[in-house]
Each structure stands twice: as C-alpha cells, then as structure tokens.
Amino acid sequence: MQLIDTHVHINFDVLSAELAALKERWQQQGVVQLVHSCVEPQEFSEISAIADQFPEVFFAVGLHPLEAQKWMDELRVEIEKRAQSDSRVVAIGETGLDLYKAENVEQQKTAFWEQLAIAQRLNKPVIIHCRDATEQLLEVVQQFQKQKGSVPGVMHCWAGSPEETQKCLDLGFYISFSGIVTFKNAKSVQASAQMVPEDRLLVETDCPFLAPVPKRGKRNEPSYVRYVAETVAQLRETSLETLSEITTNNARELFSLPTP
C-alpha cells in the first residue's frame, strides 16, 4: 500500500528538528511521497534543503493569502524564477483567499490572480487555500478562466459543503481532505468526501495543523495521513488499499510526480 501526503509544512520549527524520526514513521505507514507547500518564497531554500535530504519530498512555491499584503511585482518575478529553477517544484502555492483571519480581500484577490497566471504560464497546478471565502474565490477563478483559460489545481484541506464542492469540481479542481474529515461533527465535509468523483480525490495532513482522530489535539505529522485515508475509505465504503491506490494515482497525475 502506498500513500501520498499532498500537503505538508515540515519546515516549521515544531517538526523540522526531528525530520529523520518523522521519515521513519511516514515510511512505516506507507507514505512514499510528500508535497511540501509554501507560505512565502523566503521558505524556498529551507524547503529545497529538506527535499535534498529526502528524495520523496516535492514542493510548491507561492504566497499564502494571509501574507498577501507582501505582494508586489518583485515577488511575482521571484516566485516564477524559483519555480523554474528546480525540477522538484510541482505546483504554485499555496494561494487563494482567507476571510476568516483577514479582511484585505482585494490584496488577496490580486495575489491569487497573479499566482494563477504564473501557474498557467509554467503549466503547473495551483494549491488553493480557501477559508470562509468560497463564493469570492470561485468568482476569481471563473473570471480568470473566462479571460485567460483554465488552470489545474487542488482545493486543499477542503472543508466545504457538497454544494460548494460541486462548484469546485465544475471548475476542474481536485479536492483534498485533511484531518477535518475525521472529526465527529464534520458531517458536511464527510458528505463532500462521499460525493467527490474517484478521479478527483486526494488526501493530506496539512501538518503540523489539524491532526486527525485519534490524534486530534496533538501536533500533526505526515504519517497521520493514513488516518485520513482510513476515514475517507470508510465513508466511501471501500477498502483502505483501494482508496490509497486511487489517491496516489491522482496525486501523481495532478503534480506530475514520478513513480518511485
């Protein structure tokens, strides 16, 4: 059985001091590849150094919506250059909109649009962060697609309703579920996990955040993606082995990952 954790932040201090132990545990749980997300381009060097150490790590480069106030033309140039400088960069992001913790929606929309454009120019997918902003975010995507054309990508750490999920699917996105799907009261997210088509389904941890049941409340790590996969498999009334094969193939398709 093979699993791919499609969204990690193992460069954060809470995890970076014990990477060797983390690797041992993720290997024990069948995790064969990881996609490391990026909060801001300044992380690029430390993330690429982690990938130097662990060949199964691939990564993105981009600017998180909660950092959108830093957006400027120089940052656009930097993201594009860094994305072209390393073959292990498989995505742009994470980008998107977050209206839960910030209100600078116009700055966020600008940064999001520009990163969609970078992804399109470089023929890479986008990793999309969306919190309390589904309607506004989908409007940006629809406008971009109308003016510029489509961009592949994933709605990461998805917590939307089935109705919102369908709108994202209609725009061509993959849907990635995190530990949220294991929470007892996450009925709407669980319903979404049941209705996503087989060829658009992904799993992730978003570690060190949102540890799944039975580790909820603790620091999250890549090995825990197995708990996410187990829950999604149960919800979809299939085996863990089948779910793992589906999500692993989807991750390799979206991010153009090599087969180990």
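Owing to the predicted nature of the structure, the values given are computational and were not obtained by experimental measurement.

Participant: Explain the nonpolar core to me, using residue names and the numbers behind them.
Facilitator: Counting 72 residues, the largest nonpolar core has Ile10, Leu137, Met155 and Phe177 as the members making the most contacts within it. Top contributing element to this core by residue count: helix 5 (residues 105–122), with 8 residues. If near-sequence neighbours (up to four positions away) are discounted, leucine 137 is found in contact with Gly96, Leu97, Phe112, Ile128, His129, Cys130 and Met155. Listed in part, the 14 residues of the second largest apolar core include Phe58, Ala60, Val90 and Leu257.

Participant: An account of the pattern of salt bridges is needed here, citing residue identities and associated values.
Facilitator: Per the counting criterion, the structure on display carries 12 salt bridges. A salt bridge links glutamate 18 to arginine 219; the nearest nitrogen and oxygen atoms lie 2.6 Å apart. With glutamate 18 in the loop between helix 1 (13–16) and helix 2 (19–28) and arginine 219 in the loop between strand 8 (201–203) and helix 9 (225–235), this pair connects stretches of sequence that are 201 residues apart. What you see here is one network of salt bridges that share partners, running through Glu18, Arg25, Arg219 and Glu221.

Participant: Outline the environment of cysteine 207, supporting the account with residue identities and numerical values.
Facilitator: As for its placement among the helices and strands, cysteine 207 is situated in the loop between strand 8 and helix 9. Between the C-alpha atom of cysteine 207 and that of serine 178, which follows or precedes it by 29 residues, the distance is 9.2 Å. Excluding anything up to four places from it in sequence, cysteine 207 contacts His7, Val8, His9, Ile10, Leu15, Asn220, Glu221 and Pro222.

Participant: Report on the packing of helix 4 (residues 73–85) against helix 5, specifying residues and quantitative values.
Facilitator: Relative orientation and spacing of two packed helices are given, respectively, by the angle between their axes and the distance between those axes. At a minimum axis distance of 11 Å, the contact between helix 4 and helix 5 shows a crossing angle of 30 degrees. On the basis of the axis angle, helix 4 is roughly parallel to helix 5. Here the hand of the crossing between helix 4 and helix 5 comes out right-handed. Residue-level contacts link Arg76, Ile79, Glu80, Ala83 and Gln84 of helix 4 to Glu114, Gln115, Ile118, Arg121 and Leu122 of helix 5.

Participant: For unusual backbone geometry, give the residues involved together with the corresponding values.
Facilitator: Cis geometry marks the peptide bond from glycine 93 to glutamate 94, where omega comes out at 15 degrees. For glutamate 94, the position within the fold is in strand 4 (residues 89–98). In this structure, the amide linkage connecting cysteine 207 to the following residue, proline 208, adopts the cis form with an omega of 15 degrees. Positive phi outside glycine occurs at asparagine 123, with the angle close to 60 degrees. Mapping asparagine 123 onto the fold places it in the loop between helix 5 and strand 5 (126–131). Judged by its relative accessible area of 70%, asparagine 123 falls in the exposed class.

Reading the values: the criteria
Residues numbered from 1 in each chain as written. Predicted model: local features only at pLDDT ≥ 70, side-chain atom pairs only at ≥ 80, totals over all residues. Heavy atoms only, no water. Core = buried A, V, L, I, M, F, W, Y, C linked by side-chain atoms within 4.5 Å. Buried < 20%, exposed > 50% of the residue type's maximum accessible area, 1.4 Å probe, protein only. Helix = DSSP H or I, 4+ residues; strand = E, 2+ residues; numbered from the N terminus. Contact = heavy atoms within 4.5 Å. Salt bridge = Lys/Arg side-chain N within 4 Å of Asp/Glu carboxyl O. Axes fitted to C-alpha atoms, helices over the stretch in contact; angles between N-to-C directions. Parallel < 35°, antiparallel > 145°, perpendicular 65-115°, else oblique. Left-handed = near helix turned anticlockwise from the far one by under 90°.

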